[in-house]
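# Examination of the molecular architecture
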Amino acid sequence: AEKHAGVSCVTASMDDIQFEEAARVGQIITIKAKVNRAFKTSMEVGIKVMVQDVLTNVEKIVSVAYATYVAKPVGAGKIELEPVKLLSTEDHLEHTLAIERRRIRLGYERVFQNLMQESNKEGDYYSFEEEEAVSTDLTHVQSIELVQPPHANHHGNTFGGQIMAWMETVASISASRLCRSYPVLKSVNMFKFWGPSVVGDRLVFNAIVNNTFQNSVEVGVRVEAYNCEEWIKDQARHINSAFLIFNTVNDKGELLTFPRIKP
């Protein structure tokens, strides 16, 4: 992203990420990234992660993701990006699909916001009664991390990948309290950066199970940031949210069923 813009860039969002394969210790990971399309002040970067087994030499796709970046100007104002030079048939295809992914992403956010507004208008708590349903209170997990220099880039902003790693950890613990096993991350949905965090910030991660779907579970994670003054005044900055989907398997590789939950 920075190579295309010629200046520093920051991540604005990640489209839904699906995990096809698990990468394990001793395997070789290959990561390829390229700018698919530049919009006026933002760009889409396609990321492909492959895993290679050193014993069999078989290569498989771990994940394909699409990140949206914006150029970070040195002074005031925004930077207008140059169009991407398309060299191959694949470049042309990804260039066309990028505008569709952008349209779907923006529409997805509007629909979600409308649903939240309608839900708030109702003012009623969801009533749910079922025997053996597990209360979601048992799945609430909170973690606090201090952003230190190794967690940040040369601007002092926290790496997006570091935040995602912390989010996965807290979400995995939340899911494990429900399934009493080791959950496997299958996808990350609606991962958006609402604002930056910097070295010295305290990041508070809150995770809770939202719902179960027989063989999978959705965990919602909210991230809030505080500098020293905000910490004393209890004034949080909402910087990230995401929904993580997990499943779990037994020794035979069979998917296990999650219990029903009581919100």
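Residues numbered from 1 in each chain as written. Predicted model: local features only at pLDDT ≥ 70, side-chain atom pairs only at ≥ 80, totals over all residues. Heavy atoms only, no water.

## Concerning the domain arrangement of the protein
Keep this limit in mind: The domain boundaries here were taken from an automatic or database domain assignment. Residues are treated as being in contact if the distance between any of their heavy atoms lies within 4.5 Å. Buried area: the accessible area, evaluated with a 1.4 Å probe, that two parts lose upon being put together, summed over both parts. Salt bridges are identified by distance alone: a Lys or Arg side-chain nitrogen within 4 Å of an Asp or Glu carboxyl oxygen.
The domains assigned to the protein are domain 1 (1-109) and domain 2 (133-262). Each of domain 1 and domain 2 was reduced to a C-alpha centroid, and the two centroids are 23 Å apart. If you look at the interface, domain 1 gives 15 residues, while domain 2 gives 13 residues. Taking both partners together, domain 1 and domain 2 bury about 1300 Å²; carbon and sulfur atoms supply 51% of that area. Three residues, Met-14, Ile-17 and Phe-19, lead the burial of domain 1 against domain 2; their summed loss comes to 35% of the area buried on that side. Summed over the shared surface of domain 1 and domain 2, the result is zero salt bridges.

## Some remarks on the nonpolar core
In summary, soluble globular proteins display a tendency toward joint burial of nonpolar side chains. This is how it is decided: Here the nonpolar core consists of buried residues drawn from Ala, Val, Leu, Ile, Met, Phe, Trp, Tyr and Cys, with membership extended through side-chain atoms lying within 4.5 Å. Exposure categories follow from relative accessible area, calculated using a 1.4 Å probe and restricted to protein chains: below 20% of the type maximum is buried, above 50% is exposed, and the middle band is partly exposed. Numbered from the N terminus, helices here are DSSP runs of H or I no shorter than four residues, and strands are runs of E no shorter than two.
Core analysis: the largest hydrophobic core is formed by 33 residues, its most contacted members being Met-167, Leu-203, Phe-205, Val-219, Val-221, Leu-244 and Phe-246. For this core, the elements supplying multiple residues, two or more each, are strand 5 (59-71), helix 3 (160-179), strand 8 (184-193), strand 9 (202-212), strand 10 (217-226) and strand 11 (237-247). Among the domains, domain 1 (1-109) and domain 2 (133-262) are the pair contributing at least three residues each to this core. Judged by nonpolar contacts, the second largest core, of nine residues, contains Val-35, Met-43, Leu-81 and Val-84.

## Considerations on the UniProt feature "domain: HotDog ACOT-type" (unreviewed entry) in the protein
Here is the rule: UniProt positions are given in the numbering used here, feature names are shortened, and annotations may be inferred rather than shown by experiment.
Listed under "domain: HotDog ACOT-type" (unreviewed entry) in the UniProt record, and renumbered for this structure, are residues 1-75 and 137-252. In residues 137-252, helix accounts for 22% and strand for 41%; the two terminal C-alpha atoms are 31 Å from one another.

## A closer look at a nonpolar patch on the surface
Where we set the bar: Think of a patch as exposed residues, more than 30% relative accessible area, with no salt bridge, where like charges cluster within 9 Å and nonpolar side chains (Val, Leu, Ile, Met, Phe, Trp, Tyr) cluster within 5 Å. What sets the accessible areas is the Shrake-Rupley method with a 1.4 Å probe; for residues, cover comes only from the shown protein chains.
A surface patch of nonpolar side chains, amounting to about 320 Å² of accessible area, comprises Ile-28, Val-54 and Leu-55. Note that Leu-55 resides in the loop between strand 4 (42-52) and strand 5. For Leu-55, a relative accessible area of 80% puts it in the exposed group.

## Brief notes about the pattern of salt bridges
In this structure the tally under the stated criterion is nine salt bridges. Asp-201 is the partner of Arg-237 in a salt bridge, and the nearest nitrogen-oxygen pair spans 2.9 Å. Linking Arg-237 in strand 11 with Asp-201 in the loop between strand 8 and strand 9, this pair joins segments that are 36 residues apart in sequence. A cluster of three or more residues bridged by salt bridges with shared partners is formed by Glu-44, Glu-94 and Arg-101.

## Details of the packing of aromatic side chains
Filter applied, for reference: A pair of aromatic rings is counted whenever rings of Phe, Tyr or Trp (Trp by its six-membered ring) have centres within 6.5 Å, and the orientation is called stacked for planes under 30 degrees apart, edge-to-face for over 60 and tilted otherwise.
Applying the stated criterion across every chain yields a total of four aromatic pairs. A centroid spacing of 5.9 Å and a plane angle of 70° characterise the contact between Trp-166 and Phe-205, whose relative ring orientation is edge-to-face. Note that Trp-166 is positioned in helix 3 and Phe-205 in strand 9, a separation of 39 residues in sequence. The pair Trp-166 / Phe-205 is uniform in exposure class, with both members buried. For the ring pair Tyr-226 and Trp-231, a centre distance of 5.1 Å and an interplane angle of 85° mean the geometry is edge-to-face. What makes Tyr-226 buried here is its relative accessible area of 8%. You can call Trp-231 partly exposed: its relative accessible area is 38%.

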